[in-house]
Amino acid sequence: MPTNTPTAQPGWKGFIFSGMDHQGEFHRAALELGIPGDEISGFSQHLRLSIGLSVGGGSPVGQFGGLPRLPVGMQWPSAGDIPLPLLLSVDCGALPRVDGFDLPADGTLLFFVNQEMDHEDSSGRYARVVYVPDGAETAVVEAPSSQCVRERLDVSAELRAELPLWLQEGDEDWHEFWEDLDWVDMSPFQQQLARYMERDLPHLDELRALAHDLWPSGAGVVIGGYADDEVINSIAEQTLTERERAGKIPAIPIATWYSHLEKEKHRLASEWISLASEARVYEEYYTRFVIRHDDLAAARVDKALAVTNFEAP
């Protein structure tokens, strides 16, 4: 792929696949459709597999709600005197393995969040991710109050395909947006992406459909995959602003701010990954936990960033 096209950033391992050789499965299926190998490889650089969690189905890999098992002596996570409800806990050893997504090989991940407070307060104090390694002496922790206990529901897991926003399809598809723009009205980065898709991915529709046929979406909670665009946008804005203030980059003119922001989001999409993400539900809160690849690889789950939104009418 030419160096001036959007590519995976350092630290990004291309197609994330499990030991069952999902990369090979996808490549063979695409070849059978008559798609050239180089184009399949280029598309695969942007394709990630995530783990969808759904109530019922196969063997349980974790649970929504319920009471947590924590190391003996550890208190129920709280923000001051406000206990944080347990949103989700998963057995890392029971989840499908996905190469390049460096979840711990065993142990339990627990996600706590007071969604109403986290939605109103961006400090992060109302959300917590806890990792309990295998072998740790644990006990079920009784809830400080009934308000912080949700109904326990066992969940099963299946793989699903994810693409970055600019390769997705839908009513808000970037491609449809660009089709309504004159070339001169596009930012330089939009022009770069448009040229790349037109020149290097002429079978984009077929490749996208194949990926979603092999690994359908639709789970209520997803482990891994691309970080939510709203979250990445917030991180990118903060990063650019901090660099400007520190004099690490020249002041960005207002006219070119959006183009710089798009490029920064593209870079950060490879640096950050979704750790756990709830689907949007009408008139309900939903939380997304994101983390840097290197922090996840080092099991520094306390570095995860949680963002809670509310799906309003």
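Residues numbered from 1 in each chain as written. Predicted model: local features only at pLDDT ≥ 70, side-chain atom pairs only at ≥ 80, totals over all residues. Heavy atoms only, no water.

**Q** An account of the overall build of the protein is needed here, citing residue identities and associated values.
**A** What the protein contains, in helices and strands, is nine helices and 14 strands. Residue burial in the protein is summarised as follows: out of 313 residues, 46% are buried. Considering only contacts within the protein whose residues lie at least 6 apart along the sequence, 72% involve residues at least 24 apart. Carbon and sulfur atoms provide 49% of the accessible area of the protein, an area that totals close to 15700 Å². (Helix = DSSP H or I, 4+ residues; strand = E, 2+ residues; numbered from the N terminus. Buried < 20%, exposed > 50% of the residue type's maximum accessible area, 1.4 Å probe, protein only. Contact = heavy atoms within 4.5 Å. Areas by Shrake-Rupley, 256 points an atom, 1.4 Å probe, with all protein chains shown as cover.)

**Q** Describe the sheet that holds strand β8 (residues 127-132), with residues and values.
**A** The pairing of strands in a sheet happens through backbone hydrogen bonds and is either parallel or antiparallel. Strand order across the open sheet formed by 10 strands is β8-β7-β6-β2-β10-β1-β11-β12-β13-β14, with antiparallel pairing between neighbours. Each edge of the open sheet carries a strand with a single partner, namely β8 and β14 (305-310). With strand direction ignored, the average angle separating the axes of adjacent strands in the sheet is 25°. The sheet contact formed by strand β11 (residues 221-223) and strand β12 (residues 272-278) spans two bridges and is antiparallel. (Pairing = 2+ DSSP bridges. Axes fitted to C-alpha atoms, helices over the stretch in contact; angles between N-to-C directions.)

**Q** How would you sum up the packing of helix α1 (residues 22-32) against helix α2 (residues 37-44)? Please name residues and give values.
**A** At a minimum axis separation of 10 Å, α1 and α2 run at an interaxial angle of 140°. Between α1 and α2, the crossing angle belongs to the class labelled oblique. Crossing hand, α1 versus α2: right-handed. Within the contact between the two elements, α1 uses Phe26, His27, Ala30 and Leu31 and α2 uses Gly37, Ile40, Ser41, Phe43 and Ser44. Counted by class, the contact of α1 with α2 contains five nonpolar, four polar and no charged residues. (Parallel < 35°, antiparallel > 145°, perpendicular 65-115°, else oblique. Left-handed = near helix turned anticlockwise from the far one by under 90°. Nonpolar A, V, L, I, M, F, W, Y, C, P; charged D, E, K, R; others polar.)

**Q** A description of the pattern of salt bridges should follow, citing residues and the corresponding values.
**A** Summed over the entire model, instances satisfying the criterion amount to 15 salt bridges. Glu264 serves as the salt-bridge partner of Arg267, at 2.6 Å between the closest nitrogen and oxygen. Note that Arg267 and Glu264 are positioned in helix α8 (residues 257-271) at a spacing of three residues, about one turn of the helix. Accessibility expressed as a relative area gives 25% for Arg267, which makes it partly exposed. The exposure class assigned to Glu264 is buried, which follows from its relative accessible area of 6%. Through salt bridges with shared partners, one network takes in Asp228, Glu230, Arg280, Arg288 and Glu311. (Salt bridge = Lys/Arg side-chain N within 4 Å of Asp/Glu carboxyl O.)

**Q** Let's hear about the confidence of the model for the protein: which residues, and what values?
**A** Across the protein, pLDDT averages 86, with 88% of residues at or above 70. Low pLDDT, under 50, characterises residues 1-19; the predicted model gives this stretch 61 contacts beyond four residues in sequence or across chains. In the predicted structure, residues 171-175 sits below a pLDDT of 50 and forms 12 contacts with residues beyond four places in sequence or in another chain. (pLDDT = per-residue confidence, 0-100.)

**Q** Describe the nonpolar core, listing the residues and the values that go with them.
**A** Generally speaking, nonpolar side chains in soluble globular proteins are found buried as a group. Judged by nonpolar contacts, the single largest core of 52 residues is most densely connected at Leu53, Leu88, Leu275 and Phe289. For Leu275, the contacting residues outside a window of four places in its chain are Leu103, Leu109, Phe111, Val129, Val222, Ile223, Gly224, Phe289, Val290, Ile291, Leu296 and Ala304. In this structure, Leu70, Ala79, Leu84 and Val130 belong to the second largest nonpolar core, which totals 12 residues. (Core = buried A, V, L, I, M, F, W, Y, C linked by side-chain atoms within 4.5 Å.)

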